[in-house]
Amino acid sequence: MPRKPKGPAKSRFVSTVVEIEGRSETRIVELPAFDPAPWTTNSTLSIVGAPVPRMDAAEKVTGRARYTADISRPSMLFAAILRAPIAHGKIRSFDATHAKTLPGVFDLIGPGDAPKKTRLFSNSITYAGQPVAAVCATSEAAAVRAIHAIVVEYDAEPFAVTFESATAPNAPKVRSTGNLYPNAPFIVARGDITAGLAAADIVIERVYHTPVALHTALEPHGAAAEWEGDRLTVWESTQGIFRVRADVARALDLPLSNVRVIKDYMGGGFGAKNSAGAHTFIAAILAKRTGRAVRCINDREGEQLDSGNRPATTQRVTIGAKKNGTLTAIRMIAEVPLGVSGWEGGPAQIYHELYACKNVHTEETFAFVNSSGMQAFRGPGYVEGAFGLESAMNELARRLHLDPLSLRRKNFTKRDPRKDRPYSGNQLPECYEQGARIFGWPPAATTNKPSAATRVRRGSGLAAQIWPTGGGPPSYAQVRINQDATIDVLAGTQDLGTGSRTILAQIAAESLGAKLETVRSIIGDTQSLPYTGNSWGSMTTASVGPAVRMAAIDVQHQLFDAAASMLNTTPDTLEARDSRIVVRDTDRSLTFAEVTAALGNVVLVGKGSRGPNPDNAAINTFGVQFAEVEVDLDTGIVRVLRIVAVHDAGRIINPLLAASQMEGGILQGLGYALFEERILDPRLGIVMNPTMHDYKIPTMMDVPMIDVSFIAGSDANANHTGARGIAEPAIIPTAPAIAAAVANAIGTELPEIPLTPWRVLAAIAATTG
């Protein structure tokens, strides 16, 4: 008889805390079957850590990569969306009679035609750009002609599109539950803010403004849908295939097993593509009604109007400090207009986390307004908060006549001040040191007087960042060795353009001892792949990577079991490298292919899962960025000359792809600092710049010299790969670093971004006038 275990059996399922974009979630997780030994700083690795080019690079540059707009199914129809032109009101009449008769039109849906759970096509309009109807036809052009033939009459009502108008007495009601987010204001405090300010030798007060920013991914939101009986397949440009599956199943009352979501390639998401949207439901509904596949892709104006945004903020910041720079108090009061929907992802959290300060108090009030709802946008909350906090820190340094870098070093915190817990790892001081050395900080003293010919001044500035990047469960993966010794990594994750396919293949090859060229990653299909969560919050590598490593080790054990009898030894004497199994300290060996050929049709499959996060430890990525700019005093035009970025993200799996992530984030941060601002007319309630012609993002002419480096090491406390996320930390400090450099150049702070020429000229005039 088997021996009974002593004491109660240990549960396979435990709870763990996962931090996602500043939010903490408690999740139930299945304990892994075993815990691999962590890759530490001293581990000798050859594939992990190598600058391997993207495995899908050839597909992308040759045009073979298939995006959602490339999906073509037999007899496919194409959908277009009609959007409301008013900010608030009701549909008085809706006449699609003529539209239905136009050539090529197959079907049209409008108010009352969509299942209630999709929340589509309401008679009540709450923002300009809201979907009102959709048409599917034999071509995109025919569908567009048809939506323009629909006659809709509206009864416009008063609206509120600013925080001030939404919170004024007798304000128009944006939502039936009221214009304020429930439980506002959100107050988080530690210590005694009043005592902290009283103890200060200097107190500065500033008001900072950040704009509404649009994601502006090159690939707009889109989906294609096709039914086979009661089973639905959706091809979607998404950051979360399993979340889209759940959204569609819930909205259409389908079992999860009847919905398949496929995502192959995508052209950027940045947080806006985390769930199913109007385009998804429209494609699915019209496909069901017509019995044909339907593709629905936002046009560019629709994308800019109604795919989410980073909300604007007003931050009232008060900082108290001693003469030597020691912080005694930080207070921030924020006002955030969310749009018609959103969540409490405001700027406060970074104020509690980045510096050692005993007295911190933040208040955030979120208001619903008559504009498109916010969505997560790369580093949500932290990007806005960093502009306020880091700008205030730079102003404090100026007032105290201290070096801004010295001020940050002085207020470095060795523990997570928000929850009073240790960090899994924190090399921010090393980031400061390395960044200063590369950039040449402090900059050489200069009179900075413009010449008569150029009227251009140079300036330098810096800003720091923190971001929660621990990742977490649940994430599952499989590694399969085929008969010819090729290897498949199977995981239901997504590659947003970040290089996940390559990263996961590197982890599997390193763990298994295989040649990288024999490994491929198969991702993006809910029907055939094990579950992983959304690719958001800089979580994918830290969440899925450990599951892939565990699966690779599991299948290596199976391979060693098979090889041991062929080599007349025991599995514990074997090791693998370059797809060859070697008996340690001998010259006996077999290739993977020799073992799998001998096994015939026996399939070796390793399984892995992501275990719980460590208890009572803060897992964050840290960094600092330095900026150098030129400012034309006559035109107000700011030109960024160079950015030096140094970040601590644990083990860097692929430095080439990590640097690419950094460069992309920095360029988005540059756009946020200098150009990007959704302009909404407060009198009409409509967006004035809903195209890429009028909504400015950086072009190649704006790209500065970018110098990216990472602090060497491995965060073995975070997870057994030692990796943390890097995608979102890249953007967080860029705008305040650039703003600090502009202030250094012209001699005065600019408290509002973007730093457009007219704002720069106004600041110069205020200083000289």
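Counting of residues starts from 1 at the beginning of each chain's written sequence and follows it residue by residue. The predicted nature of this model means local features are confined to residues of pLDDT at least 70 and side-chain atom pairs, given and counted, to a pLDDT of 80 or more, with totals for whole chains, interfaces and linings taken over all residues. Note that water and hydrogens are dropped before the side-chain values are worked out from all heavy atoms of the structure.

Brief notes about the overall build of the chain
And step 1. Strands are runs of DSSP state E lasting at least two residues, helices are runs of H or I lasting at least four, and both sets are numbered from the N terminus onward. The helix and strand inventory of the chain stands at 18 helices and 30 strands.
And step 2. We take the radius of gyration over the C-alpha atoms and set the globule estimate at 2.2 Å times the residue count to the 0.38 power. Here the chain has a C-alpha radius of gyration of 28 Å; the compact-globule value for 769 residues is 27 Å, and the two agree.
And step 3. Structurally, the chain occupies a C-alpha span of about 90 × 75 × 60 Å along its principal axes.
And step 4. Evaluated residue by residue, the chain yields a buried proportion of 59% over its 769 residues. Burial classes: relative accessible area under 20% of the type maximum marks a residue as buried, over 50% as exposed, and values in between as partly exposed (1.4 Å probe, protein chains only).

A closer look at the environment of Val-48
And step 1. Mapping Val-48 onto the fold places it in the loop between strand 2 (23-30) and helix 1 (57-62).
And step 2. The spatial distance from the C-alpha of Val-48 to the C-alpha of Ile-20 is 25 Å, given a sequence separation of 28 residues.
And step 3. Excluding residues within four positions of it along the chain, Val-48 makes contact with Trp-39, Gln-506, Ile-507, Glu-510, Arg-651 and Ile-653. It only takes one pair of heavy atoms within 4.5 Å for two residues to be counted as in contact.

Description of the packing of helix 10 (residues 382-400) against helix 17 (residues 734-746)
Helix-helix packing is characterised by the crossing angle of the two axes and by the distance between the axes.
And step 1. Relative orientation of the contacting elements helix 10 and helix 17 amounts to 35°, with a least axis distance of 8 Å. As for the relative orientation of helix 10 and helix 17, their crossing is right-handed in sense. Residue-level inspection shows Ala-386, Phe-387, Glu-390, Ser-391 and Asn-394 of helix 10 in contact with helix 17, the latter providing Ala-735, Pro-736, Ala-739 and Ala-740. All axes here are fitted lines through C-alpha atoms, helices being fitted over the stretch that makes contact, and every angle between N-to-C directions spans 0 to 180 degrees. Left-handed is the label given to a crossing in which the near helix is rotated counterclockwise from the far helix by less than a right angle, and right-handed is the label when the rotation is clockwise.

Regarding the environment of Gly-104
And step 1. For Gly-104, the position within the fold is in the loop between helix 2 (97-101) and strand 5 (105-109).
And step 2. Sequence spacing of Gly-104 and Val-336 is 232 residues, and the spatial spacing of their C-alpha atoms is 45 Å.
And step 3. Not counting residues up to four positions away in its chain, the partners in contact with Gly-104 are Cys-136, Ala-137 and Thr-138.

Comments concerning the confidence of the model for the chain
Reading fine detail from the predicted coordinates is not recommended where pLDDT is low.
And step 1. The share of residues in the chain with pLDDT of 70 or more is 97%, and the mean pLDDT across the chain is 95.
And step 2. The predictor's confidence in any single residue is recorded as pLDDT, a number from 0 to 100. Below pLDDT 50 for its whole length, residues 1-7 participates in 0 contacts with residues either more than four positions away or in separate chains.

A few points about the environment of Met-374
And step 1. Tracing the chain through its elements places Met-374 in the loop between strand 17 (360-368) and helix 10.
And step 2. When its relative accessible area of 3% is taken as the criterion, Met-374 is described as buried.
And step 3. Setting aside anything within four residues of it in sequence, one finds Met-374 in contact with Gly-308, Asn-309, Pro-311, Leu-338, Ser-341, Gly-342 and Trp-343.

Comments concerning the packing of helix 16 (residues 655-674) against helix 17
And step 1. At a minimum axis distance of 8 Å, the contact between helix 16 and helix 17 shows a crossing angle of 50°. When the interaxial angle is binned, helix 16 and helix 17 end up oblique. Relative to helix 17, the crossing made by helix 16 is right-handed. Mapping the contact onto sequence places Gly-665, Ile-666, Gly-669, Leu-670, Tyr-672, Ala-673 and Leu-674 in helix 16 and Thr-734, Ala-735 and Ile-738 in helix 17.
And step 2. Residue polarity is assigned by list, with Asp, Glu, Lys and Arg as charged and Ala, Val, Leu, Ile, Met, Phe, Trp, Tyr, Cys and Pro as nonpolar; anything else, Gly included, falls into the polar class. Residue composition of the contact of helix 16 with helix 17, grouped by class: 7 nonpolar, 3 polar and no charged. Our angle categories are set so that under 35 degrees counts as roughly parallel, over 145 as roughly antiparallel, 65 to 115 as roughly perpendicular, and the remainder as oblique.

Concerning the side chain of Asp-247
And step 1. With respect to the element layout, Asp-247 can be found in helix 6 (residues 241-252).
And step 2. For this analysis, a polar contact is any N or O atom pair within 3.5 Å, provided that within protein one partner can donate a hydrogen and the other can accept it, and provided that sequence-adjacent residues contribute only side-chain to side-chain pairs. Of the polar contacts made by the side chain of Asp-247, one reaches the backbone nitrogen of Ala-276; its length is 3.0 Å.
And step 3. In contact with Asp-247, other than residues within four places in its own chain, are Ser-275, Ala-276 and Phe-281.

Overview of the sheet that holds strand 26 (residues 589-591)
And step 1. Strand pairing requires that DSSP identify at least two bridges connecting the strands. Read from one edge to the other, the open sheet built from 3 strands follows the order 24-25-26, with strand pairing classed as antiparallel. In this open sheet, the two edge strands, each paired with only one partner strand, are strand 24 (574-577) and strand 26. Strand-to-strand twist of the sheet, defined as the mean angle between neighbouring strand axes without regard to direction, takes the value 20°.
And step 2. Across 3 bridges, strand 25 (residues 580-583) lies against strand 26 in antiparallel orientation.

As for the pairing of strand 20 (residues 456-468)
And step 1. Counting buried positions along strand 20 yields 10 of 13 residues, so the element is predominantly enclosed.
And step 2. Bridge count for strand 20 against strand 28 (residues 620-632) is 13 bridges, and the pairing is antiparallel. Opposite Gly-461, over in strand 28, you have Ala-627 as the bridge partner.

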